[in-house]
Structure formats: C-alpha cells, structure tokens
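# Coordinate analysis (summary)
Listed here are the chains, written in short residue letters.
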Amino acid sequence: MHRHTFASLPSHTTRAFTSTTPHRPPPPPHKYWLNITSTRSTLHSPYRHLSTTTTTTTTTISTPTMSDPHKPPNPSTLDPIESAKRKAAFRAVEEHFNSSMRFVGIGSGSTIVYGVEAIAAHLKAHPPPQPYQNWFVPTGWNSRKVIEAAGLLPIAFDSLPGDAMLEVCFDGADEVDEELNCIKGGGACLFQEKLVACRSKKFVCIADYRKDQKRLCTKWKTVPIEVAPIAHASVLRELKLIGSPDAALREHALAKTGPIQTDQSFYIIDAPFKQLLTSMDDGVWDVDSLAKRIKSINGVLEVGLFHGMNGYQTQKAGLQGGQKPVAVYFGLEDGEVLVRKADEIE
Ligand SMILES: O=C(CO)[C@H](O)[C@H](O)COP(=O)(O)O
C-alpha cells in the first residue's frame, strides 16, 4: 500500500498542518465537514429538486454515507449520481495523472473524493520510483482530510518551493458553461481553489451531467463571493447596485450559528444573477466582466467565477497557471463520461 505518515515529512510540512495553524482550530472529528455538507444540501444545492418522486422513477441525491466522511464510500452502494462522479473522476485521473508528478492540487467537495480515490489506486498500481515523492496540495481543511484519509502526502500551499508549479490540479465545479467557465464555491472553498488552479500547469475539472450547461447561472443561480466579515454589508450594497438585489450572506442551517466561515475565516455571499453571457454573446454581464467587476469591490477576497485563460493558453502567452479548466469530465446518467476539452487539446 502506498502509504505515508507525517514521520517521513520534512519539518516545515508537518508544521504547516499542526493544530496550532492560526486560522483553524482542530475541529471535532467529522463535525465540521458534516455541518458544511448539511448546509449545502439543505440551503444551497440547486439540485435538491431532483430528490423527488415522479410517476416513473425516483432519483435520490445522496450525500455519501460513510463511516469516515473523508474516505470514498463502497462503490457498490453508490446511487447513479455518485456513480457518475466516480466514473468521471477515474477517467480524468487516467488521462491527466502519472506517478512521476511531484506536486498535484486537490480541490474540495463531494466529487473530488473520487478523484483522490483514483489517484491512490493509480499510485498503488504504479508506485513512483523511490525515493521519489508525490505531494498533494489541499484547497482547504476538508480537502486535506481527504488527502490524508487516502494515505497521500499533503503539503501546504505556502510550503511549496518558490519556483514550483503544480503539474495538475483536479477539482469539481457547481456549473460549467460551453466555454468551460465555471462557477465554484458552493462548498465555500473558492479562494484556495483559485490559488491552487492558478499555480497549476492545468486545471482538470470533474463533475456530473447536472453541472453541464450552456451558460452559467442556469441551474446554479448564484455567484459565490468570499468577503471580509467587516465589509459584508457594503459588498451586499454594491452588489445591489450592479444588478443583484437579492444577494445574501450564506448562513448555517442552524440560524443561531451565524454566517458560514471559510478556511480564511471570511464570509460567503451568494449573489443571484440572470444567466451569464459568454464571449460569443452580445450583452452586459458576460462572465469575464462580471467577475472583474465583483472582484473590484472593496472587501471581496475572491469571486467564484473561474474564467479567462486556461493553463495551456497562459503558457502560450509566456505566463503561468490559469483559472479555467483545460478539460471537464462529466459523468453521465447512462454510465458514460462526456469530456469537454479546451480547443488547445482538441
Ligand atoms: O467549488 C467547490 C467547493 O467550494 C466544489 O468544487 C463545488 O462546490 C463542487 O462540489 P461537489 O463536488 O460537492 O458537487
């Protein structure tokens, strides 16, 4: 089994993940993760309407039930949606990962659990030559737990060698449009996810068919925005001025617990917008201009729109990293995987 312990890590890496990390005290086991999940599934998932009984079929959207929530569930217990995510994850990893990759980014959410499962399975079958080490860069607390639960080695983003680029980062999305712009942040992890995507040679997205839409804000109606707590009211005010009067602070399902806090101890605002336009349309809020406009508001740390150039396009332009995926793997209802790739790799 390809398994590592902290005993083998350089000291700077262990230090990055001790319980003295200033921004996040050690949570009670599983509790924090479950909070986030229940909040998302009750308050924030546009897919909850799919949990209905029709005259012919019953579709249940499940949150994986696991004894360890950071480990993938037994494949034989998966419902069709989870199964679709898992298939997409294995295909994405097969096509974009290899054992000689030194630094790899790992996103957050329910889908990436299968990506990490696929990576661990690949490393078990094709161990890297020793003493070669693969390092996995998490995008938050949940992501780090998933990496650890799979027996892989996490390394904090700020412990990366200064000149290192990640070979690839795998992550999920809440919605993807036909130009591969994404909405992310449904799980409140957008800032670190963007940091990691922009430090990666390529971002590979894994999703299920519900996320595949022509335009953003079709089924996932809101843009998540991470804001400094002190600025949340003024950001809401400005969002109103630019066309999102119903933007709201994301709160825990249990109201007395207050606003959800990110790994940076910031808040999340969910801002509804009408369907966003792509670069092919003529109109006001195309993805790029909306993302830039929101980012320009004082107090905004990051916007959950992943747009602009992908990793291949930045490399071509002599730059590095990129917010947009180079490929998106959608697990389909019939068990197939649909791959949408950027033009550069068609
Ligand atoms: O952006 C994210 C977290 O902030 C996730 O990637 C996104 O919400 C998708 O999550 P899931 O795989 O659970 O559908």
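Definitions and limits used
- Residues numbered from 1 in each chain as written.
- Predicted model: local features only at pLDDT ≥ 70, side-chain atom pairs only at ≥ 80, totals over all residues.
- Heavy atoms only, no water.
- Buried < 20%, exposed > 50% of the residue type's maximum accessible area, 1.4 Å probe, protein only.
- Helix = DSSP H or I, 4+ residues; strand = E, 2+ residues; numbered from the N terminus.
- Pairing = 2+ DSSP bridges.
- Near = heavy atom within 4 Å.
- Polar contact = N/O pair within 3.5 Å; in protein donor to acceptor, adjacent residues only side chain to side chain.
- pLDDT = per-residue confidence, 0-100.
- Contact = heavy atoms within 4.5 Å.
- Axes fitted to C-alpha atoms, helices over the stretch in contact; angles between N-to-C directions.
- Domains from an automatic or database assignment.
- Buried area = accessible area lost by both parts, 1.4 Å probe.
- Salt bridge = Lys/Arg side-chain N within 4 Å of Asp/Glu carboxyl O.
- Nonpolar A, V, L, I, M, F, W, Y, C, P; charged D, E, K, R; others polar.

## Description of the pairing of strand β12 (residues 327-331)
- Most of β12 is tucked away: 5 of the 5 residues are buried.
- Of the two faces of β12, the one holding A327, Y329 and G331 and the one holding V328 and F330 are both buried throughout.
- Here 5 bridges tie strand β6 (residues 203-208) to β12, and the two strands are oriented parallel to one another. Along β12, the bridge assignment pairs V204 with A327.
- By the bridge criterion, 5 bridges tie β12 to strand β13 (residues 337-341) in an arrangement that is antiparallel. Looking across to β13, one finds that G331 is bridged to V337.
- Here β12 folds back onto β13, and the loop between the two strands holds 5 residues, one of which, G335, carries a positive phi near 95 degrees.

## Notes on the site of the ligand
- In the vicinity of the ligand, 17 residues are found, and the nearest of them are S110, T111, D174, G185 and K211.
- Between the ligand and the protein, one listed contact pairs an oxygen atom with a backbone N or O atom of G172 at 3.4 Å.

## Focus: the confidence of the model for the protein
- This prediction gives the protein a mean pLDDT of 83; 79% of its residues lie at or above 70.
- A low-confidence stretch, residues 1-45 stays under pLDDT 50, and its non-local contacts, those more than four residues away or across chains, total 80 contacts.
- Note on residues 47-62: pLDDT is under 50 here. Beyond four places in sequence and across chains, it has 24 contacts.
- Among the scores for the predicted complex, ipTM is 0.99 and pTM is 0.82.

## Quick notes on the sheet that holds strand β10 (residues 300-303)
- Taken together, 4 strands build an open sheet; the order of strands is β8-β9-β7-β10 and the sheet is antiparallel. Each having just a single partner strand, β8 (248-249) and β10 make up the two edges of the open sheet.
- Where β8 lies against strand β9 (residues 267-272), 2 bridges are found, and the strand directions are antiparallel. From the neighbouring strand, L249 faces β9, where its bridge partner is I269.
- Along the sheet, helix α7 (residues 232-241) makes contact with β7 (222-227), β8, β9 and β10, crossing β9 at roughly 10 degrees.
- Strands β7 and β10 of the sheet are contacted by helix α8 (residues 287-295), whose axis makes an angle of about 165 degrees with β10.

## A few points about the domain arrangement of the protein
- When the domains of the protein are assigned, the result is domain 1 (30-215 + 313-345) and domain 2 (222-306).
- Taken together, the contact between domain 1 and domain 2 spans 32 residues of the former and 29 residues of the latter.
- Taken together, both faces of the contact between domain 1 and domain 2 bury some 2500 Å²; the carbon and sulfur share is 57%.
- Linking domain 1 to domain 2 there are 1 salt bridge.
- Across the pair E302 and K194 runs a salt bridge whose closest N-O atoms are separated by 3.0 Å.
- Linking domain 1 with domain 2 are 9 residue pairs in polar contact (both at pLDDT 80 or more), by the criterion used here.
- Mapped onto the side of domain 1 that touches domain 2, the elements with two or more residues apiece are α2 (31-44), β5 (182-183) and α6 (190-198).
- Broken down by element, the side of domain 1 that touches domain 2 gets its largest block of residues, 6 residues, from α6.
- Classifying every residue of the side of domain 1 that touches domain 2 gives 12 nonpolar, 11 polar and 9 charged.

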